[in-house]
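Structural features, examined
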Amino acid sequence: MQLGLSVSDSDVSSFTPLVVLELADDTKAEAITWLLNRIRDKQKNGGAELLVDQLLFPAQDGQKSNPNVFVVGSTLQRLLKGAEDVGLFKEFQDGIMRGFTYANRESFKDFYGDGEGFLSDAECQYIIKHELDTLRAKNEEHVPGYPKVKLYPGKSVVRRLQSKGVLVQYFPLHNKEDLKRLSFSWYKKIKLSFQPLDDIRHYFGEGLALYFGFLEYFTFALVPMALIGIPYYLFDWEDYDKYVLFAVFNLVWSTVFLEVWKRCSATFAYGWGTLSRKKAFEEPRAGFHGALGFNPITGREEPVYPSSKRQLRIYLVSVPFVLLCLYLSFYVMMVYFDMENWAISVYNENPNFGTGILLFVPSIIYAVVIEIMNLLYRYAFNFVNCFASLFYIAFVMQDMVLLRQSLATLLITSQILNQVMEAFLPYWLQRRRNKKVHKRMRRVMGDKELPLLEQVQLETEMNTYLGTFDDYLEQFLLFGYVSLFSCVYPLAAVLVVLNNITEVYSDAFKMCHVFKRPFSEPAANIGVWQLAFETMSIIAVVTNCALIGLSSQVKAYFPESETQMILIVVAIEVTYSPCCGNRKVFTNLKSKWL
């Protein structure tokens, strides 16, 4: 079945395709007609007032292609009005960032003629996504053709279709020319320079640009620690107790690092027009369900899940699962210590090159297990998995030799695994996938050029980028390794700098060629990760003070009274944390978690 106009390479002048929308291949005809009409309908009638056409792919290898793939675009006037609806900030003629209004459009800097080029591709695609997401049901009781897919006035149509599998995916198209220019300036030239953050923001949006800005800032901030750590490591390798000065440096660095980043983040946000921008209320996630109720915050009807059922799920499902995962984490840690003791006993009985290598095997196995458990747990227990054994070695066993060895092995092994899983494997898989699609399309269509069809076919099969959570999580764990225990292994900062340099290039390549292009996400800061890093810095203060208290140099000042030494260390911790601006973090933690 063919609906509307089909967009082929000879017929793309009607509009520029910006977003691809794919429905299930067995979607009912009446549902498709209803959805397309709602997308095309005027705003005053409750529609999105967008342009949408069908893409027709040729049959491949005797199999019929999905006929329900559409491209969505918009007129320039509609995009400019949409820019006002979503609250975009643009630079005014006087140089001040102001909320864009269609009525005053000619008073904004860089607005010439009809406004062609005033909005970036990322902004245009974000506007289209906003219009699709806010396309709401009117008086329909269900999706046409699907009596069981219920609707109610005000329900997001796109979210409902997603949750029921009718809408498979929708994503923004890459702009091949812009992508080529960005790739060349970003990662194709190996050079020691700053990243083109403005270009990244222009193409991918503020959320991703802030991540790469943070990654760059974190890497440069580690350079002083790395430069100090190399000679410290070389000259004090055999003396494991001479780490007090480096621990003091850690205390100062971990706090100054975050305070300076706040200023950098605010500078970025102001220049990009997101500092004062109010975030629109988000739709309930596609899988959320419940009885229709009134939301006093947004002022509209939304599904409401009963609080009693939520509490039951927390205490009967979530809490037991958390306790089970914690038990498994500590159990694996104790198995690791048993393996470590066994390796040490073998080495003591017969010290040689082979048994010397054996000393590192338990740590390597434990590092691999940690990575596997992090994948299984996904988010919740990465801190416990990665740092529990290090805290145990440092403060229960008080073995600084083993702590240094474990930290080095964990860092090196995890970075090797991350580079393989995040860079080499996705690159290899994407090259294979691209070759298959190219062969398939050329076999079907011969030498005829099909840039749009081929591009859509390629991008439809690309992996979906799930957001910056995993990227920030990796940097959070690396920050923990450096700020918590690098005083006993000064090369930790060097390893993290090397990792982050390769991370910039591998992440840039993945964003440009492995993942589908993500929708722009306006952001004024790194969000909850700022609180997470500040919390880690507080833990770093406590940890480094405790390590200072355990050093033989400090113990020498209190040969007969460990109690007095402990009280002094605790007093330093209590005094230092508020003085470094961390009192606000305690307040935030209290408001979020208590």
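Residues numbered from 1 in each chain as written. Predicted model: local features only at pLDDT ≥ 70, side-chain atom pairs only at ≥ 80, totals over all residues. Heavy atoms only, no water.

What to know about the environment of Leu135
Positionally, Leu135 belongs in the loop between helix H3 (121–133) and strand E6 (142–143). Accessibility expressed as a relative area gives 1% for Leu135, which makes it buried. (Helix = DSSP H or I, 4+ residues; strand = E, 2+ residues; numbered from the N terminus. Buried < 20%, exposed > 50% of the residue type's maximum accessible area, 1.4 Å probe, protein only.)

Looking at the pattern of salt bridges
A side chain with one charge may pair with a side chain of the opposite charge, provided their charged atoms come close. As enumerated under the stated definition, the model contains 13 salt bridges in all. Taken together, the shared-partner salt bridges connect Lys90, Glu123, Arg201 and Glu206 into one network. (Salt bridge = Lys/Arg side-chain N within 4 Å of Asp/Glu carboxyl O.)

Notes on the packing of aromatic side chains
Using the criterion set out here, one finds 42 aromatic pairs in the structure. Measuring from centroid to centroid gives 6.2 Å for Phe214 and Phe257, while their planes differ by 65 degrees, and the two rings are edge-to-face. Of this pair, Phe214 sits in helix H7 (residues 206–235) while Phe257 sits in helix H8 (residues 244–272), and the two are 43 residues apart along the sequence. Each member of the pair, Phe214 as well as Phe257, is classed as buried. (Phe/Tyr/Trp six-rings, centres within 6.5 Å; stacked < 30°, edge-to-face > 60°.)

Thoughts on the packing of helix H6 (residues 197–204) against H7
Remark: H6 packs on H7, axes separated minimally by 7 Å, with the N-to-C direction vectors making an angle of 150 degrees. When the axis of H6 is compared with that of H7, the two are roughly antiparallel. Here H6 and H7 pass one another in a crossing that is right-handed. Seen from H6, the contacting residues are Leu197, Ile200, Arg201 and Phe204; seen from H7, they are Glu206, Leu208, Ala209, Phe212, Gly213 and Glu216. For the contact of H6 with H7, the class distribution of residues is 6 nonpolar, 1 polar and 3 charged. (Axes fitted to C-alpha atoms, helices over the stretch in contact; angles between N-to-C directions. Parallel < 35°, antiparallel > 145°, perpendicular 65-115°, else oblique. Left-handed = near helix turned anticlockwise from the far one by under 90°. Contact = heavy atoms within 4.5 Å. Nonpolar A, V, L, I, M, F, W, Y, C, P; charged D, E, K, R; others polar.)

Considering helix H5 (residues 176–186)
Looking at H5, one finds that the buried residues are Leu179, Leu182, Ser183 and Trp186. An end-on view of H5 places all buried positions within 100 degrees of arc, on one side of the element. Looking at H5, the residues exposed on the side facing more than 90 degrees away from the buried face are Lys180 and Arg181. If you check the start of H5, you find a side-chain oxygen 3.2 Å away from the backbone N of Glu177, and it comes from Asn175. (Arc of directions from axis to C-beta. Polar contact = N/O pair within 3.5 Å; in protein donor to acceptor, adjacent residues only side chain to side chain.)

Note that every value here comes from positions in space, so none of it alone points to a role or purpose.
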